[in-house]
Amino acid sequence: MAKITGFSGSPRKSGNTNFLMEAILKKAAEKGWETDFVTLNKVDIGFCEACDACHKNGKGCVKKDDMQTMAEKMKESDVWVLGTPVYWWGPTAQMKVFTDRWYGLPRETFENKKVILVIPMADTEDKTASHVIGMYQDSCDFIGVEIADIIVAGGVTEPDAVKSKPEIIKQAEEAVGKI
Ligand SMILES: Cc1cc2nc3c(=O)[nH]c(=O)nc-3n(C[C@H](O)[C@H](O)[C@H](O)COP(=O)(O)O)c2cc1C
């Protein structure tokens, strides 16, 4: 069975990021996908410290934390939903630390994977999401992962704001048709 896993970089349990990610996973489940969800704020993932041991020892990252479980989830999933609100024109720290740790993962983790990006933000200017989008476009290009869809939810500040934006919820649900 195909598997889709959401990795949420939002610390707000009932916030806009998780609401949209859950809409995607629900639609995928209806279509027969196995689903999984990770709140990065609740797992123990340390900083990449650039020791480069991962590239020298052939055994991967020497840090023993939850990134090993994340790597397994990434590998066993066909699609990753990466959700992060815009924080200071970038991704949240939780999402950035997770992404930095991809540095130590074996190549096969990335083979034949697709990504759906979910990016809520307070601003209504598309340009405010440009650095997050650009970072993941270039990073995914580098590791050979296809971005299947990008959902930017502008104008959402309060945690439940996106619930009153049916066009964005529809866009999230329709992302499943692109994977
Ligand atoms: C620390 C912090 C920094 C933020 N920086 C930005 C920003 O640079 N641009 C923006 O449009 N919104 C910014 N926001 C607003 C969030 O992106 C917005 O509230 C979003 O909907 C939060 O998503 P969530 O409900 O999933 O947590 C920031 C919020 C916080 C807490």
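Residues numbered from 1 in each chain as written. Predicted model: local features only at pLDDT ≥ 70, side-chain atom pairs only at ≥ 80, totals over all residues. Heavy atoms only, no water.

A. Structural detail: the layout of surface pockets. In this model, the largest pocket occupies a volume close to 400 Å³. W102, Y103, F110, F142 and I143 are the residues nearest the centre of the largest pocket, which is lined by 15 residues in total. For the lining of the largest pocket, the secondary-structure elements that each account for two or more residues are helix 2 (53-56), helix 4 (93-100) and helix 5 (130-143). Broken down by element, the lining of the largest pocket gets its largest block of residues, 3 residues, from helix 5. (1 Å grid on protein atoms, 1.4 Å probe; cavity = no way out; pocket = protein on both sides within 12 Å on 5 of 7 lines; lining within 4 Å. Points joined across faces, edges and corners; volume = space filled by probe spheres on them. Helix = DSSP H or I, 4+ residues; strand = E, 2+ residues; numbered from the N terminus.)

B. Spatial organisation of the side chain of T92. Relative to the helices and strands, T92 resides in the loop between strand 3 (79-83) and helix 4. Given a relative accessible area of 0%, T92 falls into the buried group. (Buried < 20%, exposed > 50% of the residue type's maximum accessible area, 1.4 Å probe, protein only.)

C. Inspection of a nonpolar patch on the surface at higher detail. Together, Y87, W88 and W89 give the surface a local cluster of nonpolar side chains, amounting to about 460 Å² of exposed area. Locating Y87 in the fold gives a position in the loop between strand 3 and helix 4. (Patch = residues over 30% accessible without salt bridge, like charges linked within 9 Å, V, L, I, M, F, W, Y side chains within 5 Å. Areas by Shrake-Rupley, 256 points an atom, 1.4 Å probe, with all protein chains shown as cover. Salt bridge = Lys/Arg side-chain N within 4 Å of Asp/Glu carboxyl O.)

D. Focus on the site of the ligand. Taken together, 17 residues lie near the ligand, and S10, T17, V86, D123 and V156 sit nearest. At a separation of 2.9 Å, an oxygen atom of the ligand approaches a polar backbone atom of N16. With respect to the ligand, the backbone of V86 contributes an N or O atom lying 2.8 Å from an oxygen atom. Protein chains shield 78% of the accessible area of the ligand, which is 640 Å² for the free molecule. Tallied by class, the residues present in the shell around the ligand amount to 9 nonpolar, 6 polar and 2 charged. (Near = heavy atom within 4 Å. Polar contact = N/O pair within 3.5 Å; in protein donor to acceptor, adjacent residues only side chain to side chain. Nonpolar A, V, L, I, M, F, W, Y, C, P; charged D, E, K, R; others polar.)

E. Fine view of the sheet that holds strand 1 (residues 3-8). If you walk across this open sheet you meet the 5 strands as 2-1-3-4-5, and the pairing is parallel. Every other strand in the sheet has two partners, leaving strand 2 (34-39) and strand 5 (146-153) as the edge strands with one partner each. Taking each pair of neighbouring strands and ignoring which way they run, the sheet shows an average axis angle of 15 degrees. Two elements, strand 3 and strand 4 (residues 114-120), share 5 bridges in a ladder whose sense is parallel. Bridge pairing links G83 to V118 in strand 4. (Pairing = 2+ DSSP bridges. Axes fitted to C-alpha atoms, helices over the stretch in contact; angles between N-to-C directions.)

F. Region of interest: unusual backbone geometry. One non-glycine residue, W88, lies in the positive phi region at around 50 degrees. For W88, the location among the structural elements is in the loop between strand 3 and helix 4.

G. Focus on the packing of aromatic side chains. Following the criterion strictly, the structure yields 7 aromatic pairs and no others. On the numbers, 5.0 Å between centres and 25 degrees between planes, the contact of F7 with F98 is stacked. Taken as a pair, F7 in strand 1 and F98 in helix 4 lie far apart in primary sequence, 91 residues in all. A single burial state applies to F7 and to F98, both of which are buried. On the basis of an interplanar angle of 55 degrees and a centroid distance of 5.7 Å, the ring pair of W80 and W102 is categorised as tilted. With W80 in strand 3 and W102 in the loop between helix 4 and strand 4, this pair connects stretches of sequence that are 22 residues apart. Both residues of the pair, W80 and W102, belong to the buried class. (Phe/Tyr/Trp six-rings, centres within 6.5 Å; stacked < 30°, edge-to-face > 60°.)

H. Broad picture of the nonpolar core. Within the largest apolar cluster, 29 residues are counted, with the highest numbers of intra-cluster contacts made by F7, M74, W80, L82, F98 and W102. Counting residues per element, the ones that place at least two in this core are helix 3 (67-76), strand 3, helix 4, strand 4 and helix 5. Counting residues per element, this core draws most heavily on helix 5, which supplies 6 residues. Discounting chain neighbours no more than four positions away, the residues touching F98 are F7, L40, I45, M67, M70, M74 and L82. Judged by nonpolar contacts, the second largest core, of 21 residues, contains M21, L25, V162 and A175. (Core = buried A, V, L, I, M, F, W, Y, C linked by side-chain atoms within 4.5 Å. Contact = heavy atoms within 4.5 Å.)

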